[in-house]
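Structural overview
Listed below are the residues making up each chain.
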Amino acid sequence: MGYSGVVAKIAVLALLCCATFAIDVSYDERAIKINGERRILISGSIHYPRSTPEMWPDLIQKARDGGLDAIETYVFWNAHEPRRREYNFEGRNDLVRFIKTVRDAGLYAVLRIGPYVCAEWNYGGFPVWLHQMPGMEIRTDNAMFKNEMQNFTTLIVDMMKEENLFASQGGPIVLAQIENEYGNVQGYYGEAGRRYIEWCASMAESLDIGVPWIMCQQADAPAPMINTCNGWYCDNFTPTNPNTPKMWTENWTGWFKAWGQNDPHRRAEDVAFAVARFFQRGGVFQNYYMYHGGTNFGRTSGGPYISTTYDYDAPLDEYGHLNQPKWGHLKQLHDALKSMERILTHGDETTTDLGNGVATTVYTTEEADGSSCGAFLSNINTTDDATVTFRGNHYLVPAWSVSILPDCSEEVYNTAKVSTQTSLKVKKPNTAENQPEQLQWVWRQEHVDDVLRGVAGPNSRSASRLVDQILVTGDASDYLWYMTTVQIPKSDPIFNKQVTLRVNCSGHVLHAFLNGKYVGTQHGPAYGQYNFVFEAPVQITQETNQLTLLSATVGLANYAPAFDKFFTGISGGPVQLVSTTGSPAKVLKDLSKNTWTYKVGLDGEEKQLHSSSDLISDKIMWQSQDLPVDRRMTWYRTTFKAPLGLEPVVVDLHTMGKGEAWVNGQSIGRFWSNFSSPLEGCGQCDYRGGYNPGKCTLQCGKPTQTWYHVPRSFLNADRNVLTLFEEFGGNPTGVNFQTVTVGTACASVPEGGLLQLSCSGGRTISDIEFASFGDVTGSSCGAYQKGACESPLALAHVRETCLGKTTCAVRVSQANLGATDCPREVHTPRLVVHAVC
């Protein structure tokens, strides 16, 4: 075997032995305890299906570098059991591999089994086959539901146990969650809801996992479940059980994006303020939701109307880049908090209210090796800065901020004083060799002739009513055809009237055809308003008429009491022919109780036109001449080469309408590029004051999403296939592939600090467009101006230190940068740099 082989084998055996050492996880009123030691735990949510296994190690390592102790994830029932008792734990659904990747990075894991997840995920994570079971009611004291929930929960627990992944077995999982935010909806279910939550707790405890169970947003959580908080701010949260620690399972770092809405943004200063306040007031476990949001691949986005991107303005962006300054500003906060871990989990707390929203909180301990002290200085006033005199020293505490003094003397951090870099991303064109500037397309019209004639095929079904769409589709497709024949005698006066087709839709999109001719398309106006009434004029010219309606869903509801009872499609209607001659309008024919025939999905889906197999040479299937644009129900296909390098890849679909996109047979999600956000709502973004998703928004008046993530692992080294299904009508000639990278890095650091800059993807700092040490004006990257005083040596020093490097650090001092002759009584000089990657 040789010496190196023996050493390697011993190392493997040592790891295996160590992995069997149980970790004792317990808690008291002050903290979660690991092997008897009280701990401050800082966690971040990363959802394994919203990225790829190839991305996981880098994402998790960046989370660790950012100061996290744990990774939290939901478990997505509908991803793992799409059909009853048929399981999928492969690829992005490989939960075991994900937890092992967390373990290998040296982090803990928090497993939120649920199995209801909400998460803006399709149907809240429930498989739709539950909805199709007669007598089923979800999330209540229903025997059928409890049986299915227990079966899946037990499956996940047994899988984790088999791989020794619970801390009690030496694994990384230190906490598990049953149910999710049930307290928010429990009142709807009444006494059955109370019985259900007690059953959840009892069932979870019976699984004997050896680590604590948590229930978020559950004030009446049965012991020994730990009740935890979710929200923008949880400093005021107090656990119902005084013997449990103060825990925050979801600190919303941003918000999700919905089609037709502006882009929500939550500034780093406010996230940091919320975290610091939580720990100031006795918190000991905090989880960022999300730390990396990722992508709603395929048809996984819920809502309805939630976009494919799930970036969430998280510390790691959708593609895995550091979202600066948020990532770096929070990392500095974590360092400060961890330096106080002992005193925060053991010390006596004293808070002094100084008035006008200003307070000091001091933690002190008396131990064998002496006393120690740590302090928070907080100012929750939204407008007025404060000068706080504390233990003989003076500290400037800006409005809506917290200062941290780990030794009760030196301020090491303030939530409003951002010194980490700001990164601005840019898109770079595809640089693959011999890649044409414009992609070459073939196309195929979706075959609709049969359904427009009322011919549905062998797998259709009929009923004398309008049925709920997902009862028929089982969510196997976004699309369901509703077909009926309308018989009208020649003597009927309808032939002499102006007639309107009226359809009451339960969401989300409707296309109407009469006698083979297109009548019109309509969709709900916005997120939360997807029910609508379709009205369009029609011409009745014959006795036998064929009415065909195509209903399309855009994700299923994921949150609300009894959301499983929400209707989709044209459930119940009514569908009517209405006379618009005279007033009021008169119903001429109510077609709701006609015999309706239903066909699930598209012909192209059935033929798997999105498959990665090489169908382009099939002249019957695809056409290369007379490429149509702005045509409904059209499939497009092209080949491309993967962009060079390692940076994340995106496809620009800004010229398309609505549909779905696949790369090499893998769905990269729904697109709806022509659904723009309102013109109003954007402007100055002040982090001071309570946050909500409408407070600070970007991209007003622009399409909700035009760039779609194509993970590198989806791509082949040589030839790749992009397939688009266009539902509304678009122009594929504007589609192109690009890479996303950091283009600009800016930072502002006061004297005494350390200015750090970095590029991404191995790129180097190519230019320093601005560098000044003095009284610089301007507060945004690209808008800096030199002040009245500065050091003449600063620019040269920064260029010498940083040019040609992927990362650099500059100590902000006059010794490095030269004297500034700025009056000290006015302000502290700062170094401001604008670098190009």
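Numbering of residues begins from 1 in every chain and follows the order in which that chain's sequence is written. Side-chain atom pairs in this predicted model are given and counted only at pLDDT of 80 or more, local residue features only at pLDDT of at least 70, and totals for whole chains, interfaces and linings cover all residues. To get the side-chain values, take all heavy atoms of the structure and skip hydrogens and water.

In the annotation of an unreviewed UniProt entry, the chain is listed under the name Beta-galactosidase and assigned to Aristolochia fimbriata. UniProt positions are given in the numbering used here, feature names are shortened, and annotations may be inferred rather than shown by experiment. Of the chain, the UniProt comment under Sequence similarities (unreviewed entry) reads exactly: "Belongs to the glycosyl hydrolase 35 family."

On to the overall build of the chain, then. We count a stretch as a helix when DSSP gives it H or I for four or more residues in a row; a strand needs E for two or more, and each element gets its number in order from the N terminus. Each helix and strand in the chain was counted, giving 14 helices and 43 strands. Overall, the C-alpha framework of the chain stretches about 100 × 75 × 65 Å when taken along its three principal axes. Think of it in three bands: residues with accessible area under 20% of the maximum for their type are buried, residues over 50% are exposed, and the middle band is partly exposed, with areas taken using a 1.4 Å probe on protein chains only. Counting only residues that meet the buried cut, the chain has 58% of its 837 residues in that class. Note on contacts: a residue pair is in contact if any heavy atoms of the two residues lie within 4.5 Å. Here the contacts in the chain between residues at least 6 apart in sequence split such that 74% fall between residues at least 24 apart. With residues, only the protein chains shown are counted as cover, and all accessible areas are computed by Shrake-Rupley using a 1.4 Å probe. When the accessible surface of the chain is summed, it comes to about 32,800 Å², and 49% of that surface belongs to carbon and sulfur atoms. Charged side chains in the chain number 70 positive and 86 negative. The centres of these two groups are separated by 5 Å. The positive count covers Lys and Arg only, the negative count covers Asp and Glu only, and His and the chain ends enter neither. The atom standing in for a charge is NZ when the residue is Lys, CZ when it is Arg, CG when it is Asp and CD when it is Glu.

Let us look at the pattern of salt bridges. Put simply, a salt bridge is a Lys or Arg side-chain nitrogen that is within 4 Å of an Asp or Glu carboxyl oxygen. On inspection of all chains with the given rule, the structure shows 40 salt bridges. Note that Glu367 is salt-bridged to Arg342, the shortest N-O span being 2.9 Å. Of this pair, Glu367 sits in strand S14 (residues 358-367) while Arg342 is found in helix H9 (residues 341-346), placing the two residues 25 residues apart along the sequence. Accessibility expressed as a relative area gives 30% for Glu367, which makes it partly exposed. Each of Arg39, Asp69, Lys338 and Glu341 takes part in salt bridges that share partners, so that together they form one network.

Here the residue pair Gly303 and Pro304 is connected by a cis peptide bond, since its omega of 0° sits within 30 degrees of zero. Along the chain, the position of Pro304 falls in the loop between strand S12 (285-292) and helix H8 (326-338). With an omega of 15°, the peptide bond between Gly507 and His508 qualifies as cis. Here His508 is to be found in the loop between strand S24 (499-505) and strand S25 (509-514). A positive phi angle is found at Arg85, which is not glycine, with a value near 65°. If you trace the backbone, Arg85 turns up in the loop between helix H3 (77-80) and helix H4 (95-104). You can call Arg85 partly exposed: its relative accessible area is 33%. With a phi close to 55°, Asp630 is a non-glycine residue in the positive phi region. Relative to the helices and strands, Asp630 resides in the loop between helix H12 (603-606) and strand S32 (634-640). According to the relative accessible area criterion, Asp630 is exposed, its value standing at 58%.

In this section: the confidence of the model for the chain. A residue-level look at the chain finds 96% of positions with pLDDT of 70 or above and a mean pLDDT of 94. The predictor attaches a confidence to each residue, and that confidence, scored 0 to 100, is pLDDT. Predicted confidence for residues 1-19 stays below pLDDT 50, and this span has five contacts to residues more than four positions away or in other chains.

A few words on the state of the cysteines. Cysteine sulfur atoms are paired as a disulfide whenever they fall within 2.5 Å. Using the criterion set out here, one finds eight disulfides in the structure. Each sulfur in the disulfide pair Cys229 and Cys234 lies 2.0 Å from the other. One quick way to see it: the torsion about the S-S bond of Cys229 and Cys234 is about -75°, and its sign makes the bridge left-handed. There is no split in this pair, since Cys229 and Cys234 are both buried. Residue Cys682 pairs covalently with Cys700 via a disulfide, S to S 2.0 Å.

Side-chain rings of Phe, Tyr and Trp (the six-membered ring for Trp) are treated as a pair once their centres are within 6.5 Å; stacked means planes under 30 degrees apart, edge-to-face means over 60, and tilted covers the remaining angles. Here the structure, examined in full by the defined rule, presents 51 aromatic pairs. Geometrically, the ring pair formed by Tyr182 and Tyr189 is stacked, given 5.8 Å between the ring centres and 20° between the ring planes. Among the residues examined, Tyr189 registers a relative accessible area of 12% and is labelled buried. An angle of 85° between the planes, with centres 6.3 Å apart, marks the rings of Trp441 and Tyr636 as edge-to-face. With a gap of 195 residues between them, Trp441 in strand S21 (residues 441-445) and Tyr636 in strand S32 connect regions that are remote in the sequence. For Tyr636, a relative accessible area of 0% puts it in the buried group. Looking at Arg139, its charged tip hangs above the ring of Tyr116, at a distance of 3.7 Å from the centre. Any Lys NZ or Arg CZ found within 6 Å of a ring centre and within 35 degrees of that ring's normal is scored as a charge over the ring. Geometry around Tyr233 places Arg266 over its ring, the cationic atom sitting 5.2 Å from the centre.

The next subject is the packing of helix H7 (residues 268-280) against H8. Axis angles are defined between N-to-C directions and span 0 to 180 degrees, where every axis is a line fitted to C-alpha atoms and, for a helix, only to the segment in contact. Relative orientation of the contacting elements H7 and H8 amounts to 20°, with a least axis distance of 9 Å. Classified by the angle their axes make, H7 and H8 are roughly parallel. For the pair H7 and H8, the sense of crossing is right-handed. Here Ala268, Glu269, Val271, Ala272, Val275, Ala276 and Phe279 of H7 come into contact with H8, specifically with Lys326, His329, Leu330, Leu333 and Leu337. In terms of residue class, the contact of H7 with H8 is built from nine nonpolar, one polar and two charged. The cut-offs work like this: below 35 degrees is roughly parallel, past 145 is roughly antiparallel, 65 to 115 is roughly perpendicular, and the gaps in between are oblique. Crossing chirality is assigned from the near helix's rotation relative to the far helix, an anticlockwise turn below a right angle marking it left-handed and a clockwise turn marking it right-handed. Charged means Asp, Glu, Lys or Arg here, nonpolar means Ala, Val, Leu, Ile, Met, Phe, Trp, Tyr, Cys or Pro, and polar covers whatever is left, Gly included.

Another aspect to go through is the sheet that holds strand S27 (residues 532-538). Read across the sheet, four strands follow the order S27-S24-S29-S30 without closing on themselves; strand pairing throughout is antiparallel. Only two strands of the sheet have a single partner each, and these edge strands are S27 and strand S30 (586-590). Neighbour-to-neighbour, the strand axes of this sheet turn through a mean angle of 30°, independent of strand direction. In this scheme, strands are said to pair when DSSP sees at least two bridges between them.

Helices are assigned an expected span. That span is 1.5 Å times one less than the residue count. Counted at 1.5 Å a residue, the expected span for H7 with its 13 residues is 18 Å, and the 18 Å between its end C-alpha atoms agrees. Of all 13 residues making up H7, 13 are buried, and the element is well covered by its neighbours. Looking at the residues trailing H7, positive phi occurs at Gly282, about 100°.

A rise of 1.5 Å per residue sets the reference length of helix H5 (residues 143-162), with its 20 residues, at 28 Å; its end C-alpha atoms lie 28 Å apart and thus fit the reference within 8%. Those residues of H5 that fall on the buried side of the exposure criterion are Phe145, Lys146, Glu148, Met149, Phe152, Thr153, Ile156, Val157, Met159 and Met160. Just downstream of H5 lies Asn164, where phi reads positive at about 55°.

Take His709: it is sitting in strand S37 (residues 707-710). Setting aside residues up to four positions removed in sequence, His709 forms contacts with Met55, Thr295, Phe297, Glu318, Tyr319, Pro648, Val649, Val650 and Ile668.

With that settled, consider the sheet that holds strand S5 (residues 70-74). Reading around the circumference, S4-S5-S6-S7-S8-S9-S10-S12 is the order of the eight strands in this closed barrel, with parallel pairing throughout. Each adjacent strand pair in this sheet contributes to an overall mean axis angle of 30°, direction not counted. Strand direction decides the pairing type here: S5 and strand S6 (residues 108-114), joined by five bridges, are parallel. By the bridge assignment, Ile71 is partnered in S6 with Ala109. This element, H4, spans strand S4 (41-46), S5, S6 and strand S7 (173-178) of the sheet and lies at about 150° to S6.

Bringing the packing of H4 against H5 into the picture now. The geometry of H4 relative to H5 is characterised by a closest axis approach of 11 Å and an angle of 50° between their N-to-C directions. Between H4 and H5, the angle falls in the class oblique. Here the hand of the crossing between H4 and H5 comes out right-handed. Mapping the contact onto sequence places Leu95, Val96 and Ile99 in H4 and Ile156, Met159 and Met160 in H5. Of the residues that constitute the contact of H4 with H5, the class distribution is six nonpolar, no polar and no charged.

To continue, consider the side chain of Ser401. Within the secondary structure, Ser401 is located in strand S18 (residues 401-405). Ser401 sits in the buried class, given a relative accessible area of 0%. Throughout this description, a polar contact denotes any pair of N or O atoms lying within 3.5 Å of each other; where both atoms belong to protein, one of them has to be capable of donating a hydrogen while the other can accept it, and for residues adjacent in sequence the pair is counted only when both atoms sit in side chains. For Ser401, the side chain forms a polar contact with the main-chain oxygen of Pro398, separated by 2.6 Å. Among residues more than four places away in sequence, those in contact with Ser401 are Phe273, Leu377, Ser378, Asn379, Asn414, Thr415 and Ala416.

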